[in-house]
Amino acid sequence: MDSPDIAAQGIGASIPRKEDERFLRGRGQYVANLRFAGMQDVAFVRSPVAHGRILGIEKPAAHRACVFDAGDLAGVRPIVADSGLPGFKSSAQPVLAQDKVRQVGEAIAMCVAPTRAQAEDIAAQVYVDVQELPAVVDMIEARQPGSALVHEHWGDNVFLETHVGAELDDAFAQLRRDAPIQVRRRLRTARQSMAPMEGRGCVAYWDERAGQLVLYTAAQMPHINRTGLAGCLGLDEGQVRVVSPDVGGGFGYKGILLPEEVCVAWLALARGHPVRWIEDRREQLTANANCREHDYDITAYADREGRLLGIDCQATVDSGAYSSYPFSACLEAAQVGSILPGPYKMPLYRCRTWSVATNKPPILPYRGVARTGVCYAMESVMDDVAAQAGIEPFEARLRNLVQPHEMPYDNVTGKHFDSGDYPECVRRAVAALDLPAWRRRQAVGEPDGRLVGVGLAVFCEQGAHGTSVYHGWGIPMVPGREPAALRLTPDGVLEIKAGVHSHGQGMETTLAQIAHQVLGVPVARVRVTLGDTGTTPYSTGTWGSRAAVMAGGAVGQACKILRERLVAIGAHLMGLPAGQVRWEGGQALGAGRSVTLAEIARTWHLRPQLLPPDVDPQGLEVFATYQARRDTGTFSYACHAVAVAVDPELGRVELLDYVIVEDGGVLINPMVVDGQVYGGAAQGIGTALYEEMRYSEHGQPLASTLADYVLPGATEVPAIRIEHMQTPAPYTEFGQKGIGESGAIGPPAAIANAVNDAMRCVGARVDELPLSPRAVLRALAQAQAHRDRRVAQ
């Protein structure tokens, strides 16, 4: 699909996404679309209890050969994702439960049949004798002495404890004595179940010709999956090929090695025919509610003008039963300690965190990874500081944000903010929302009795983290230099192969735009291959808002190398010195002559006798790697501003207006960025108002369908207005920053602050997410009871 204006296809152009041609016509190829001769389907027998000992497994006599449990998988190693951080406790996750089950939905056995329905019928006949044990459900109670233990050999339920600022006891004691403003909040966020449109799924078979196990899987990180899968099966990585076709959303949910992938791959080897597993929504909800559950006890200290003097926090993250490969059980809690200060300046900071094991699914890095929770915590106390200082919440932000003249800025935890104007971002958001008009409306009151409020959230998002950052976090996957490979076909089509993968980011378009920027190749004549370990260079994949920075940088550098070679050949064909030739608009130009890229490609491939004698022997194929000039990551940032109306009778919250001002550096494709921000904001609205996986005291998930687990739809998401600021990143190839997760970070904090602003007039506030009608009504009832007690006194 070509743009009418070839000259407007490079960096900064909002051209339509190339991949949408197939997606919008229903021609995408997802795992569930794949068909192979002799393929059979798998259904898993899953644990009905959260915690128990397996006393026995009875397979139906008529289908014994079609049922496999842990005892059948001889030689298969468990999934292990250890952290290098001191004190981390390891938890080997068997791909099929052995001896114990530690969460509802843990796979115990797999059943194979010609169809999924038949496999489910067999699974229903498998009897598992489980002795139920006390379940560990609440992360705070799990840390108490006498709690049941998820992993008995640990002696407690803590994967890891971290402590930033442990040496500051005396300084904080003085703040408690002297700080004019002191606010303390206890905040809690609900567990969520990520909900991409496409669930997980995989197909495996043995390729006799290649001598390889081939696994098709909906994965964000195919190369990492291959490394983990080979390790579990005891194969050389050269014997494994992982192919990730079109992926219908990932968000972190597809950023790990799955036990189901290992099981299906082993079964394909054992049975000698293709095997498929497609996750259904009930499996996804009951077995994989795996993110966002945090608890904060946070205190802010400030002077009389509302300038921060210090932040003191204790944060607990419910990490579930196992440590998932490759990110480990501690990625969220370990990050909390370093990112909680956000974009603010403060002289003192202390944070203690716990990653706690419970009888729930293992925690995964959902879009925003810890930032959504810390933004909610930090922005909540910022509003309280403003209230005690007697100033508008936005004024408190302006007084505490890093200023533009201070950039680049190393904050209290050593984060290196690369560029930006944080205060201007806030000013623009406040102006776009028209705060004075909302304050006037709030003062008058609503005719229908609803309470109106306004809320802000300011944050920065570290993306495209490099080697030094991830090595310091101690996880088993550390990104290095990002590779990309290019080659020109004889007719001048540019082929790009990158090890990252797209699951909605539009990388087939944005990487082509970068190539166009450097080489002038029309976007329609650029073919991008992603997601196949057999054809793309090794990469840690797509996560952490890194692809546009890292893969984009690698493609840009590779194109520049190729451009030099094209200029040299073009100069020779024109009979000119290379110094007199420039590359412009997809051709070599000099002395009034020109040679097109296609002519040069044809010469290299089909008429080599015309090439210069000193031509670069690597020709028109390039392999390049990229690392930013400083690998501590880019820092995009944003301010979300929202106006809400709270119904005090029903507890319902309506979003009346929503503004986002964001800065993602130089935008490769602003339309793609808008799509990322809109989509992320919709997910953040779900976190704020709707999504919640509650558990019974026995660890049973209380939502198993989308009738119970509420997701925001078109009627719940307002017409969000986005304004862009573009402050170039100083260390990246084109000044771009990672921004893929930004939209999901701000909504819970902004909406919570707006709801509490609305209810301040009646003395109510909500300190938990989501801000469901139940939570709002409970807060209003508590405020009424408090007023009644005061009257009675």
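Preceding this section is the structure that the text describes.
Residues numbered from 1 in each chain as written. Predicted model: local features only at pLDDT ≥ 70, side-chain atom pairs only at ≥ 80, totals over all residues. Heavy atoms only, no water.

A. Geometry of the pattern of salt bridges. Scanning all chains against the criterion turns up 53 salt bridges. Taking the shortest distance from any N to any O, the salt bridge between Glu 21 and Arg 25 comes out at 2.8 Å. The class of Arg 25 is exposed, set by a relative accessible area of 51%. In this structure, Asp 757 and Arg 760 form a salt bridge, with 3.1 Å as the shortest nitrogen-oxygen distance. Salt bridges here are not isolated pairs; linked through shared partners, they connect Arg 46, Arg 116, Glu 120, Glu 260, Asp 280 and Glu 283. (Salt bridge = Lys/Arg side-chain N within 4 Å of Asp/Glu carboxyl O. Buried < 20%, exposed > 50% of the residue type's maximum accessible area, 1.4 Å probe, protein only.)

B. Representation of the nonpolar core in the model. Grouped together as the largest cluster of nonpolar side chains are 99 residues, with contacts concentrated most on Ile 311, Leu 340, Tyr 422, Val 646, Ile 751 and Met 759. When near neighbours in sequence (up to four residues on either side) are disregarded, Val 646 contacts Arg 450, Leu 451, Arg 652, Val 653, Val 755, Ala 758, Met 759 and Val 776. (Core = buried A, V, L, I, M, F, W, Y, C linked by side-chain atoms within 4.5 Å. Contact = heavy atoms within 4.5 Å.)

C. The arrangement of the side chain of His 465 in detail. Structurally, His 465 is set in the loop between β18 (451–463) and α13 (467–473). A residue is classified by how much of its surface remains accessible, and His 465, at 4% relative accessible area, is buried. Here the side chain of His 465 touches Arg 371 through a polar contact of 3.2 Å, side chain to side chain. With sequence-adjacent residues up to four places away left out, His 465 is seen in contact with Arg 371, Tyr 470, Trp 473, Pro 479, Gly 544, Asp 631 and Gly 633. (Helix = DSSP H or I, 4+ residues; strand = E, 2+ residues; numbered from the N terminus. Polar contact = N/O pair within 3.5 Å; in protein donor to acceptor, adjacent residues only side chain to side chain.)

D. Spatial organisation of empty space enclosed by the protein. Counted under the stated rule, the structure contains six cavities of 30 Å³ or more. Roughly 220 Å³ of internal volume is contained in the largest cavity. Lining the largest cavity are 23 residues, with Gln 93, Gln 103, Pro 259, Glu 260 and Asn 288 positioned closest to its centre. Tallied by class, residues from the lining of the largest cavity come to 13 nonpolar, six polar and four charged. Its volume calculated, the second largest cavity comes out at about 180 Å³. In terms of lining, the second largest cavity is formed by 21 residues, of which the most central are Ile 339, Gly 342, Pro 343, Val 374 and Cys 460. For the lining of the second largest cavity, the secondary-structure elements that each account for two or more residues are α8 (331–339), α9 (371–389) and β18. When residues in the lining of the second largest cavity are grouped by element, the largest group, five residues, is from α9. Classifying every residue of the lining of the second largest cavity gives 14 nonpolar, four polar and three charged. (1 Å grid on protein atoms, 1.4 Å probe; cavity = no way out; pocket = protein on both sides within 12 Å on 5 of 7 lines; lining within 4 Å. Points joined across faces, edges and corners; volume = space filled by probe spheres on them. Nonpolar A, V, L, I, M, F, W, Y, C, P; charged D, E, K, R; others polar.)

E. Here's a closer look at the sheet that holds strand β23 (residues 587–590). Judged by pairing direction, the sheet is antiparallel, and its three strands sit side by side in the order β22-β23-β24 without closing on themselves. Since the sheet does not close on itself, it has two edges, and those belong to β22 (582–584) and β24 (593–596), each with one partner. Across this sheet, the average inter-strand angle for adjacent strands is 30 degrees, counted without regard to direction. One ladder, built from four bridges, connects β23 with β24; its direction is antiparallel. Bridging from a neighbouring strand, Ala 588 pairs with Val 595 of β24. (Pairing = 2+ DSSP bridges. Axes fitted to C-alpha atoms, helices over the stretch in contact; angles between N-to-C directions.)

F. Highlighting the packing of aromatic side chains. If you walk through the whole model with that rule in mind, you get 14 aromatic pairs. An aromatic cluster of at least three residues, connected via ring pairs, comprises Tyr 409, Phe 417, Tyr 422, Phe 635 and Tyr 637. A cation over a ring is seen here: Arg 143 above Trp 354, with NZ or CZ 3.6 Å from the ring centre. (Phe/Tyr/Trp six-rings, centres within 6.5 Å; stacked < 30°, edge-to-face > 60°. Lys NZ or Arg CZ within 6 Å of the ring centre and 35° of its normal.)

G. Main features of the environment of Leu 656. Note on placement: Leu 656 falls in strand β27 (residues 653–663). For the pair formed by Leu 656 and Gly 699, sequence separation is 43 residues and the distance between their alpha carbons is 37 Å. Setting aside residues no more than four positions away along its own chain, Leu 656 makes contact with Trp 438, Arg 441, Arg 450, Val 452, Ala 643, Val 644 and Ala 645.

H. Local environment of the packing of helix α14 (residues 507–519) against helix α15 (residues 547–574). One can describe the packing of α14 onto α15 by two numbers: an axis separation of 9 Å at closest approach and a directional angle of 35 degrees. Handedness of the crossing formed by α14 with α15: right-handed. In this structure, α14 contributes Met 507, Leu 511, Ile 514, Ala 515, Val 518 and Leu 519 to the contact, and α15 contributes Ala 547, Ala 551, Gly 552, Val 555, Gly 556, Cys 559, Lys 560, Leu 562, Arg 563 and Leu 566. (Left-handed = near helix turned anticlockwise from the far one by under 90°.)

I. Expanded view of α8. By the criterion of burial, α8 is predominantly enclosed, with nine of the nine residues buried. For α8, the secondary structure elements touched by its buried residues are β7 (158–164), β13 (294–302), β14 (308–320), β15 (348–357), α9 and α13.

J. Molecular detail of the pairing of β15. The buried count for β15 comes to nine of 10 residues, which makes it a mostly enclosed element. Of the strand pairs in this sheet, β7 and β15 are connected by six bridges, and their pairing is antiparallel. Residue pairing in the sheet places Glu 161 in a bridge with Trp 354 of β15. Where β14 lies against β15, 10 bridges are found, and the strand directions are parallel. Residue pairing across strands places Gly 310 opposite Leu 348, the latter belonging to β15. For the segment spanning β14, α8 and β15, crossover handedness is right-handed. (Right-handed = clockwise from strand over helix to strand, strands pointing away.)

K. Up close: the side chain of Glu 482. Tracing the backbone through its elements, the reader meets Glu 482 in strand β19 (residues 482–488). What makes Glu 482 buried here is its relative accessible area of 1%. The contacts of Glu 482, once residues within four sequence positions are left out, are Val 500, Ser 539, Arg 546, Met 550, Ala 551, Ala 554, Ala 624, Thr 625 and Tyr 626.

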